[in-house]
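# Analysis of the macromolecular model
As a plain string of letters, each chain reads:
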Amino acid sequence: MRRRFKMRYFRIMGILLVLSVFVSCSSTKFVPEGNYLLNNVDIHVDNKLISREDLKAQIQQTENLKILGFIKFHLGLYDLSSREKTNDWLKRIGEAPVIYEESQTQKSKEQLAIYLRNKGYYDAVINDTVIYHDRKAKVSLVFNIKTGTPYRIRKYIYDIKDPKIKPVILGDSTHQVVKRNDLFDVDRLDQDRERVVTLMKNHGYYLFSDDNVQYLADSTLNNHQVDLKMEVSDDDLRNKYEKIQHYKKFRVRNYFVRTDYSPAQLVQGRNEKTKNDTLTDPPYVFISKGKLKYRPLLFEDLNRIPDSTYYSLKNVEKTYRSLTQLQQFRLVNVNFDVIDSLENDSIGLLDCNFQLSPLSRQGFSADVEGTNSSGNFGIAGTLNYQHRNLFRGAEIFNVTLKTAFERQQAVVNESNLNFNTREFGVEASLTIPKFLSPIYRRSLFNYQLPQTSFSVGYNYQRRPDYTRTITNFRFSYNWKSSAFRTHSLSLVDVNYVNLSAFNEDFINSIKDLYIKSSYTDHLISAMNYTFVDNTQNINKRENYRYFKWTFESAGNLLDALVKLAGKEKTADVDTVTNQPVYYYQILGTRFAQYVKTDFEYRYGYMLNDYSSVVGRAFVGAGLPYGNNNTLPFEKKYFTGGANGIRAWQVRTLGPGTYKASDSDYPNQSADIKLEGNLEYRYKLLGRLDGAFFLDAGNIWAINDKDNREGAQFKFDTFYKEIAIGTGTGFRFDFTYFIFRLDLGMKLRDPSLEAGKRFIIGNYPIQAKHFNFSFAIGYPF
């Protein structure tokens, strides 16, 4: 049945693709007589410094949406609709033809000219060419742009009226955005203005604004050069605040903290504030209805505004981020009141208001969800209790109870496909908004408040092939060093895995003794560090990059402790070599010892508002040594499935050229993993998106302890053992989650005979060359 479903899915995708190509070739059905379909818009520019994407953004009229750059699928759907019906459903999901309008072409030329002038190209020449395809009632529009010689900045000077602020601005000249010989680019001038404004606000000048920075440009030199002057004046400032001396520094006098603020309340002025119950701890005033629910020390610790003598915008932003990170308040508002003072006062005063609208302190949530773990369907339920502010320090305490039932499809001698896997678990965690350490230094966490986390859990899994219990404890730190960079450091990460009740058929089906040795009780005591640099903003459609590095080391501390304690080693026989081996045990269990590191890089390139290309590369390796010469099975790498190389089922690919028997349990894992993915994503219909993908990679064993034939990684042959798959899929976007269907096809199978590993041209295409999978969320 699964094979028939895969082939039916493949046929549907093929029919849709052929149909879309066909209908897009005859796309003038709804073009009125005497009008033309705008078939294509192109831009030719003679300057490589100018972004064609930015130029295209200025075009007022563009052609219909294209998939893969040439298929007008949405226009084709519209053309399939009825001429008589005005509200045909095909019209609603399709896209009406774009009719060429000469007036829009003229507006596009005007916008292009404005854009080029802003970039310094005042002599640009823009010509448009309309190519008529008479028999097809279509036109192609081409803009030919000659940018000419740009205007460049010959001299850039400052004119600062107030001598007190001159050293501040000139002292930051190394960060100046605009330099001599740069293009006379308006956007970069705006960036430099913003730099100066931010600089002044970070040095105490609270009232400084964009209005205080103006540019004067002299372009009368007749040689495409501009003499530029940044004028910092106080005219606008004086007009707005007549009683306040120009360019006055400010410092914060008092902090008024209200933790039960409601936007409906009009809290203005100190007289209003003092009507509420207050707790005063100068310079802080805590305002609340009834007893204050937070310890005052919490806000004094996270407030970074006092880090500088005078007002600093940078410190205000740090404080705001930390308040938001607490996950205690649905609304965080930080604002300032200017305190009336004499005109000749050299220092101005501010009162800072923290207006915080609280979330519920306690709550329960229950979830029931369908699950899919690489094609194994199931149902899961969770019950979660959360307490915010457990000890009045914004601590978050969570307790989660979980139960799950899953249907394992590939089980040895298992013909009953009912729910044959059961899982029960409990986990508790406590997150504290500070860095708990005797060597804590506040300056190390200069961007945002760090967090300390503790978690403990117990999980029971009854599978058709074995029963497993996992007990874990974790002590970790989490922090951000910039808007894009996050860090996670686990000083203690302990997992105790106990396996029992093995299915004899399953154990006997694992012919490789190296893999069989992984199915033993083991103890993992690890330290790990994860660094993530992610520029993706889910609220903006723009290019992004994602980099993740993970390093983990396990067993070294335990090894040192047992040696210091003089503990004797346990004698055993190696299951692979039949040679005697000796190792340490703790609580009667052999502990793992290894180092492991992963690198993952993704890049998302937005082609337009409707399509994108996302690439991913992954490299990972784990090296066992010392007390245990195999990686624990949960630390090994595998590939295939919905989030790997999708033409293979999960754990059925590799390692290397190794080919497991079709009757074997799908359990291929190893110590090294290389994987690359490329995916083209496009909007299809409403909430339905489409994708084409190409996946490549494999896994390998790191040493000859793994005696599976062809499993070892070798520098001179590994590139010949790369598996390649391609395919297409649908994504159903339900806003809160993505439901994904993918059909992968094998292109190159490393387990086949050397020289005949490419499927096409060597073998007839069969159902076994396809793999269907579905999952929640994007694969990467």
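Structure first, text after, so check above.
Residues numbered from 1 in each chain as written. Predicted model: local features only at pLDDT ≥ 70, side-chain atom pairs only at ≥ 80, totals over all residues. Heavy atoms only, no water.

The subject of this paragraph is the overall build of the chain. Within the chain one finds 14 helices and 31 strands. Taken over 780 residues, the chain has a buried fraction of 46%. Accessible area of the chain: about 40,300 Å², with a carbon and sulfur share of 54%. (Helix = DSSP H or I, 4+ residues; strand = E, 2+ residues; numbered from the N terminus. Buried < 20%, exposed > 50% of the residue type's maximum accessible area, 1.4 Å probe, protein only. Areas by Shrake-Rupley, 256 points an atom, 1.4 Å probe, with all protein chains shown as cover.)

Turning our eyes to something else, we now look at the sheet that holds strand E2 (residues 125–133). Read from one edge of the open sheet, three strands run E1-E3-E2, paired in mixed fashion. Sheet topology places strand E1 (37–45) and E2 at the edges, where each strand pairs with a single neighbour. With direction set aside, neighbouring strand axes in the sheet form an average angle of 15°. The pairing of E2 with strand E3 (residues 138–146) spans nine bridges and is antiparallel. Pairing of Thr129 across the sheet is with Val142, part of E3. Packing of helix H5 (residues 102–118) onto the sheet brings it into contact with E2 and E3, and relative to E3 it is tilted by some 25°. (Pairing = 2+ DSSP bridges. Axes fitted to C-alpha atoms, helices over the stretch in contact; angles between N-to-C directions. Contact = heavy atoms within 4.5 Å.)

Turning our attention to the pairing of strand E17 (residues 467–480). Sheet topology note: the strand E16 (residues 451–462)/E17 ladder contains twelve bridges and is antiparallel. Across the sheet, Gly457 pairs through a bridge with Asn472, a residue of E17. Hairpin connection between E16 and E17: a loop of four residues separates the two successive antiparallel strands. Relative to strand E18 (residues 485–500), E17 runs antiparallel, the two being bridged by 14 bridges. Note that in E18 the partner of Lys480 across the bridge is Thr486. Hairpin remark: E17 followed by E18, antiparallel, with four residues in the connecting loop.

Quick look at helix H11 (residues 313–325) now. Over its 13 residues, H11 extends 18 Å from the first C-alpha to the last, a length consistent with the 18 Å expected when each residue adds 1.5 Å. Contacts from the buried residues of H11 go to helix H10 (296–302), strand E10 (329–338), strand E11 (347–358) and E16. Of the residues flanking the end of H11, it is Gln327, one or two places downstream, whose phi is positive at about 60°. (Expected span 1.5 Å × (residues − 1).)

Our next topic: helix H7 (residues 186–202). Taking 1.5 Å per residue as the helical rise, H7 with its 17 residues ought to reach 24 Å, and the 24 Å between its terminal C-alpha atoms agrees with that figure. Within the span of H7, buried status applies to Leu189, Asp192, Arg193, Arg195, Val196, Val197, Leu199, Met200 and Lys201. Regarding H7, its N-cap is Asp185, as a side-chain oxygen of that residue lies 2.9 Å from the backbone nitrogen of Asp187 further along. Remark: Gly204 follows H7 within two positions and exhibits a positive phi of approximately 100°. (Polar contact = N/O pair within 3.5 Å; in protein donor to acceptor, adjacent residues only side chain to side chain.)

This part takes up the environment of Lys768. Looking at the secondary structure, you find Lys768 in the loop between strand E30 (738–748) and strand E31 (770–776). The exposure class assigned to Lys768 is exposed, which follows from its relative accessible area of 52%.

The subject of this paragraph is the sheet that holds strand E6 (residues 225–232). The three strands lie next to each other as E4-E6-E5, forming an open sheet whose pairing is mixed. Strands with a single pairing partner mark the edges of an open sheet, and in this sheet they are strand E4 (152–160) and strand E5 (213–218). Along the sheet, successive strands turn relative to each other by an average axial angle of 20°, direction set aside. In terms of strand pairing, E4 meets E6 through eight bridges, oriented parallel. Residue Tyr158 lies in a different strand from E6, and its bridge partner there is Met230.

Here we come to the nonpolar core. Within soluble globular proteins, side chains that are nonpolar generally end up buried alongside one another. Formed by 28 residues in total, the largest nonpolar core has its most connected members in Phe299, Leu323, Phe336 and Phe354. Where this core is concerned, the elements lending two or more residues are strand E7 (249–258), strand E9 (284–288), H10, H11, E10 and E11. One finds Val178, Phe184, Val196 and Leu228 within the second-largest nonpolar core, a separate group that totals 24 residues. (Core = buried A, V, L, I, M, F, W, Y, C linked by side-chain atoms within 4.5 Å.)

This part is about the packing of aromatic side chains. The geometry of two aromatic rings is summed up by the distance between their centres and the angle between their planes. For the coordinates displayed, the defined rule picks out 35 aromatic pairs. Here Phe405 and Phe424 contribute two aromatic rings whose centre-to-centre distance is 6.2 Å and whose plane-to-plane angle is 90°, an arrangement assigned as edge-to-face. Note that Phe405 is positioned in strand E14 (residues 396–406) and Phe424 in strand E15 (residues 421–432), a separation of 19 residues in sequence. Pairing Tyr529 with Trp549 gives two aromatic rings, centres 5.7 Å apart and planes at 70°, and the pair type is edge-to-face. A residue pair is termed long-range when its members are at least 10 positions apart, and Tyr529 in strand E19 (residues 522–534) and Trp549 in strand E20 (residues 544–554) qualify at 20 residues. For Tyr529, a relative accessible area of 21% corresponds to the partly exposed category. Lying over the aromatic face of Tyr78, Lys91 brings its terminal NZ or CZ to 5.8 Å of the ring centre. The ring of Tyr447 carries the charged tip of Arg321 above its face, separated from the ring centre by 3.5 Å. (Phe/Tyr/Trp six-rings, centres within 6.5 Å; stacked < 30°, edge-to-face > 60°. Lys NZ or Arg CZ within 6 Å of the ring centre and 35° of its normal.)

Attention now goes to the side chain of Asp351. Tracing the backbone through its elements, the reader meets Asp351 in strand E11. Engagement of the side chain of Asp351 in a polar contact is seen with the side chain of Arg253, the distance being 2.9 Å. A distance of 3.4 Å separates a polar side-chain atom of Asp351 from the backbone nitrogen of Asn254.

Another aspect to go through is unusual backbone geometry. Excluding glycine, residues mostly have negative phi values, and the peptide bonds linking residues are mostly trans. Omega for the bond connecting Pro282 with Pro283 falls within 30 degrees of zero, at 5°, which places this linkage in the cis form. Tracing the chain through its elements places Pro283 in the loop between strand E8 (277–281) and E9. Omega for the peptide link from Gly654 to Pro655 comes to -5°, which places this bond in the cis form. Along the chain, the position of Pro655 falls in the loop between strand E26 (611–624) and strand E27 (672–685). Its identity is not glycine, yet Gln327 carries a phi of approximately 60°, on the positive side. Here Gln327 shows up in the loop between H11 and E10. The phi torsion at Arg392 lies on the positive side, around 65°, for a residue other than glycine. One can find Arg392 in the loop between strand E13 (376–388) and E14.

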